[in-house]
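Letter by letter, the chains look like this.
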Amino acid sequence: MLRVALLSRWHVHADDYAAEASAHPLVSIDKVWDEDAERGKSWAEELGVPFEDDVSSIFHDPHIDAIILTSSTARHHDLLVEAEKYGKHIFTEKVLTLTKNDDEKVLTAVAKAQIKFMISMPRLTADYYLYAQKMMDQGVLGQVNMIRCRVAHNGAVPNGQHSTGWLPERFFDAEQCGGGSLVDLGAHPIYLANRLAGKPQYVSARLHSLMGRGVDDHAAVTVEYDSGILAVLETSFISTGSPFQLELYGTEGTLLIESDQIRVKSEKHGLEKWTPPAELPQPLETPFEQWVKEIIEGTPPSITVKDAQDLTLVNEAAAISHQEGCRVEIQP
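First, a word on what this report is: a plain description of the structure on this page.

Calculation notes
Residues numbered from 1 in each chain as written. Predicted model: local features only at pLDDT ≥ 70, side-chain atom pairs only at ≥ 80, totals over all residues. Heavy atoms only, no water. Helix = DSSP H or I, 4+ residues; strand = E, 2+ residues; numbered from the N terminus. Rg over C-alpha atoms; globule rule 2.2 N^0.38 Å. Contact = heavy atoms within 4.5 Å. Areas by Shrake-Rupley, 256 points an atom, 1.4 Å probe, with all protein chains shown as cover. Lys, Arg positive; Asp, Glu negative; His and termini not counted. Charge placed at Lys NZ, Arg CZ, Asp CG, Glu CD. Core = buried A, V, L, I, M, F, W, Y, C linked by side-chain atoms within 4.5 Å. Buried < 20%, exposed > 50% of the residue type's maximum accessible area, 1.4 Å probe, protein only. Pairing = 2+ DSSP bridges. 1 Å grid on protein atoms, 1.4 Å probe; cavity = no way out; pocket = protein on both sides within 12 Å on 5 of 7 lines; lining within 4 Å. Points joined across faces, edges and corners; volume = space filled by probe spheres on them. Nonpolar A, V, L, I, M, F, W, Y, C, P; charged D, E, K, R; others polar. Axes fitted to C-alpha atoms, helices over the stretch in contact; angles between N-to-C directions.

## Re the overall build of the protein
Phase 1 of the analysis: The secondary structure content of the protein amounts to 10 helices and 13 strands.
Phase 2 of the analysis: Taken over the C-alpha trace, the protein has a radius of gyration of 20 Å; the compact-globule value for 332 residues is 20 Å, and the two agree within 12%.
Phase 3 of the analysis: The contacts of the protein with a sequence gap of at least 6 include a subset with a gap of at least 24, amounting to 68%.
Phase 4 of the analysis: Carbon together with sulfur atoms contributes 49% to the accessible area of the protein, which is approximately 14600 Å² in total.
Phase 5 of the analysis: Of the side chains in the protein, 29 bear a positive and 49 a negative charge, and the two mean positions are spaced by 3 Å.

So this is what it looks like as structure tokens:
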């Protein structure tokens, strides 16, 4: 049995991971900590486990094997380094940290401690991503030269139930978040493009705030990869009805994914019409399931530390690009 501690209900996905841990037959949630004691006590009561107001006592507890980290992004570095110091396996919400330097400190400590690390990038386990990767690997689209990906929702749009939208107010606190829509929701198009296109080299970005709440609520980023692929990545907290979109354009064909609709037109499929997949690949196990399986069985996960590093590289470069109004080269 893998005994875990939940570190913070700050993130909106904290309940999702708690539910996944509770449902797993080989995982036991043993403790809860939260920087907001009232929020943490409420969560612990709901889960029927003890609340710990001193996070250091969790790290010192030899009975805790691992942590699930869903704190504010600003706290990631310190909490992760402390967990690694005491040999706790780590499952963390994205992003890992806000800078390349902090990533290196965290991941160096992971390697030194020989613990199992997982960052939650669920779209890398989805059937549509696996199909897109297959189309690229098999050369169905010829030489892919452009990718467009959009992940957006209306979390910052006022509605009848929420005067400022359904996202918690803390998601607009730059000090806690390190950014807005791009650093949070924009992680998905970034890590998808990174995996499909290769090593990011140059980044140009504009981060805008329609609602004027201190952080960006919509953003567009172009990333140039060493493969020659140009990616246009979009995200938003202020788009109602916006579907998920992933588009791949190549010299011999095009793949369009919009929500659950997938279609391809290529020389190999026949250019006269759009063709749906004959069969989609089976989705991979979730990031959480892969993490548990690696700890217990030693099975290597499909999501790696490189995915975490590349996500931070693009996010950090995008922030600099916006602030300085320039194209930013990602240094090796």
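## A word on the nonpolar core
Phase 1 of the analysis: Ranked by internal contacts, the top residues of the largest apolar core, which has 103 residues, are Leu7, Ile68, Ile147, Leu246, Leu248, Leu255 and Trp291.
Phase 2 of the analysis: When near neighbours in sequence (up to four residues on either side) are disregarded, Ile147 contacts Leu196, Ala197, Ile229, Leu230, Ala231, Val232, Leu246, Glu247 and Leu248.

## Let's talk about the pairing of strand E9 (residues 230-236)
Phase 1 of the analysis: Counting buried positions along E9 gives 5 out of 7 residues, so the element sits mostly inside the fold.
Phase 2 of the analysis: Sheet topology note: the strand E6 (residues 144-152)/E9 ladder contains 7 bridges and is parallel. Note that in E9 the partner of Arg150 across the bridge is Glu234.
Phase 3 of the analysis: Alignment of strand E8 (residues 218-225) against E9, held across 7 bridges, turns out to be antiparallel. Bridging from a neighbouring strand, Thr222 pairs with Val232 of E9.
Phase 4 of the analysis: The turn joining E8 and E9, which pair antiparallel and follow one another in sequence, is formed by 4 residues; a positive phi near 95° is taken by Gly228.

## Observations regarding empty space enclosed by the protein
Phase 1 of the analysis: A complete count under the given rule lists 1 cavity of 30 Å³ or more for this structure.
Phase 2 of the analysis: Size it by volume and the largest cavity reaches roughly 70 Å³.
Phase 3 of the analysis: Taken together, Trp10, His11, Thr73, Lys94, Phe171, Cys177, Gly179, Gly180, Val183 and Asp184 form the lining of the largest cavity.
Phase 4 of the analysis: Per-class residue counts for the lining of the largest cavity are 4 nonpolar, 4 polar and 2 charged.

## Structural notes on the environment of Asp78
Phase 1 of the analysis: By the secondary structure assignment, Asp78 is in helix H4 (residues 76-85).
Phase 2 of the analysis: Asp78 sits 24 residues away from Asp102 along the chain, and the two C-alpha atoms are 9.4 Å apart.

## Concerning the sheet that holds strand E1 (residues 2-7)
Phase 1 of the analysis: Strand order in this open sheet of 5 strands is E2-E1-E3-E4-E5, and the pairing throughout is parallel. Looking along the sheet, the strands with just one partner apiece sit at the ends: strand E2 (27-33) and strand E5 (117-119). Adjacent strand axes in the sheet meet at a mean angle of 20°, parallel and antiparallel pairs treated alike.

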